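As a plain string of letters, each chain reads:
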Amino acid sequence: MTLPIVHHPGYRIDWPVRHPFPMEKFRVLREHLGALGFDNLDAVRWITPRPAGDRALLRVHGADYLQRFYLGDLPSAALAARRPPSGFPWSPALVTRTLLEVGGTLAAVDQALIHGLALNSAGGTHHAHADHASGYCLLNDLAVAARHLLAHHGLERVLIVDCDVHQGDGSADIFRDETRVFTLSIHGETNFPFEKRRSDRDVALPRDTGDIAYLDVLARELDAAMMTFAPQFVLYDAGVDVHAADRLGHFALSDAGLYRRDRTVLSRCLAAGVPVAGVIGGGYDRDLAALARRHAQLFLAALAALGHAREG
Ligand SMILES: [Zn+2]
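Worth saying up front: this structure is predicted, and the values here are computed from it rather than measured.

### Thoughts on the sheet that holds strand β8 (residues 276-279)
Two pairing modes exist for strands in a sheet, parallel and antiparallel, and in both the strands are linked by backbone hydrogen bonds.
Logical step 1: Ordered by their spatial adjacency, 8 strands build an open sheet running β2-β1-β3-β8-β7-β4-β5-β6, and the pairing between neighbours is parallel. Each edge of the open sheet carries a strand with a single partner, namely β2 (44-47) and β6 (201-205). On average, each strand axis in the sheet is tilted by 15 degrees relative to the strand beside it, whichever way the strands run.
Logical step 2: Relative to β6, strand β5 (residues 181-188) runs parallel, the two being bridged by 5 bridges. Its bridge partner lying in β6, I186 is registered against V203.
Logical step 3: Sitting on the sheet, helix α10 (residues 288-305) is in contact with β1 (3-6), β2, β3 (117-120), β7 (233-237) and β8, with an inclination near 165 degrees to β3.

### Some details on the pairing of strand β4 (residues 158-162)
Looking down a regular strand, the side chains alternate between one sheet face and the other.
Logical step 1: The buried count for β4 comes to 5 of 5 residues, which makes it a mostly enclosed element.
Logical step 2: In the sheet, β4 pairs with β5 via 5 bridges, with the strands oriented parallel. Note that in β5 the partner of I160 across the bridge is T183.
Logical step 3: Once the chain exits β4 it traverses helix α7 (residues 169-174) before rejoining the sheet at β5, and the crossover so formed is right-handed.
Logical step 4: Here β4 pairs with β7 via 5 bridges, running parallel. The residue of β7 that forms the bridge with V161 is Y236.

### Quick notes on the packing of aromatic side chains
Logical step 1: Under the criterion given, the structure shown has 13 aromatic pairs.
Logical step 2: Arranged with centres 5.5 Å apart and planes meeting at 15 degrees, the rings of F88 and Y136 form a pair that is stacked. Of this pair, F88 sits in the loop between α4 (75-79) and α5 (92-115) while Y136 is found in the loop between β3 and α6 (141-151), placing the two residues 48 residues apart along the sequence.
Logical step 3: Through pairs of rings, three or more aromatic residues link up here, namely Y11, W15, F21, F26, F88, Y136 and Y284.
Logical step 4: Geometry around Y284 places K25 over its ring, the cationic atom sitting 5.7 Å from the centre.
Logical step 5: Over the aromatic face of W46 sits the side chain of R30, whose NZ or CZ is 3.7 Å from the ring centroid.

### What to know about the coordination of the zinc ion
Logical step 1: Coordination of the zinc ion by the protein involves D164 (OD), D164 (OD), H166 (ND1) and D241 (OD), with metal-donor separations of 1.9 to 2.7 Å.
Logical step 2: Classification of the site at the zinc ion rests on its 4 donor atoms, whose angles at the metal span 53 to 155 degrees, yielding the label irregular.
Logical step 3: Linear spacing of the donor residues for the zinc ion on their chain is D-x1-H-x74-D. Placement of D164 in the loop between β4 and α7 and of D241 in the loop between β7 and α9 (255-272) is noted, with a sequence separation of 77 residues between them.

### Some thoughts on the pattern of salt bridges
Logical step 1: Per the stated rule, a full pass over the model turns up 17 salt bridges.
Logical step 2: Between R12 and E24 there is a salt bridge; the shortest N-O distance is 2.4 Å. With a gap of 12 residues between them, R12 in the loop between β1 and α1 (25-35) and E24 in the loop between β1 and α1 connect regions that are remote in the sequence.
Logical step 3: For R12, a relative accessible area of 24% puts it in the partly exposed group.
Logical step 4: On the basis of relative accessibility, which here comes to 22%, the residue E24 falls in the partly exposed class.
Logical step 5: Between R176 and D173 there is a salt bridge whose closest N-O contact spans 3.0 Å.
Logical step 6: The class of D173 is buried, set by a relative accessible area of 19%.

Here is what the cut-offs are and how they apply
- Residues numbered from 1 in each chain as written.
- Predicted model: local features only at pLDDT ≥ 70, side-chain atom pairs only at ≥ 80, totals over all residues.
- Heavy atoms only, no water.
- Pairing = 2+ DSSP bridges.
- Helix = DSSP H or I, 4+ residues; strand = E, 2+ residues; numbered from the N terminus.
- Axes fitted to C-alpha atoms, helices over the stretch in contact; angles between N-to-C directions.
- Contact = heavy atoms within 4.5 Å.
- Buried < 20%, exposed > 50% of the residue type's maximum accessible area, 1.4 Å probe, protein only.
- Right-handed = clockwise from strand over helix to strand, strands pointing away.
- Phe/Tyr/Trp six-rings, centres within 6.5 Å; stacked < 30°, edge-to-face > 60°.
- Lys NZ or Arg CZ within 6 Å of the ring centre and 35° of its normal.
- Donors = N, O, S within 2.8 Å, 3.2 Å for Na, K, Ca; no water.
- Tetrahedral: all angles 85-135°; square planar, octahedral: opposite > 155°, others 65-115°.
- Salt bridge = Lys/Arg side-chain N within 4 Å of Asp/Glu carboxyl O.

Given below as structure tokens:
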């Protein structure tokens, strides 16, 4: 089976060196996947995305907000300190990379409908709301992709499995009244966002939750969502800020725990015959090599779920 991986070198842009958002992680992750042999595997097909267009974006975001985002007219209100920790320095390059990232998740969704499973080497900007940015998220790629599945592909039941350590408050709010999208968020109860929104299913776990407790909850919640909602598609946010060493998370998962988590979600979807698109989500370690290793677990788990042993 084929594993499409969506990547664009433009996911990273020049960035303030000490900025807390690790912009270089997209480059380092791509290099790490190359070092792991992903360029030499027959099963892997690299896909280069196009920037998301207005038709897709307007299904989620307001026209006025999009205009202000394009023009950089989001000064202190959205980009800077008022909604910490969003604080992104606006530039035309930031707009382009954000559109590429959303386009990457759209491409992953389209590929997953063909091949059953696909991954974006970015994405998971789940704090973005319809009309404002929040928590390092300007546009909500998961929401845009879910709307694309409903409107463009005619699906009727899309499940968002959000395993980032932070609650998917933007997605929850956007789909508050949308019965065709089920939002499942497993997150830290004391983490950002401090004012939680209501997902269809929220599971708030205490600080220092480790591999065993986490995987136990995940298996139970995933089974329940798959059984009761019977999704036709799963969008999976595989944030690695659940890792013990993450700067912004409060959980205690190991690298092996990340792998088992990702393998659990992907294998469960494949076994049920439900297409799944995975995005990398959050991860905030200044040690970029360690961070790339954590994000790579999703890609290794995908290969294994498809029955391919890693080579090289
Ligand atoms: Zn996060």
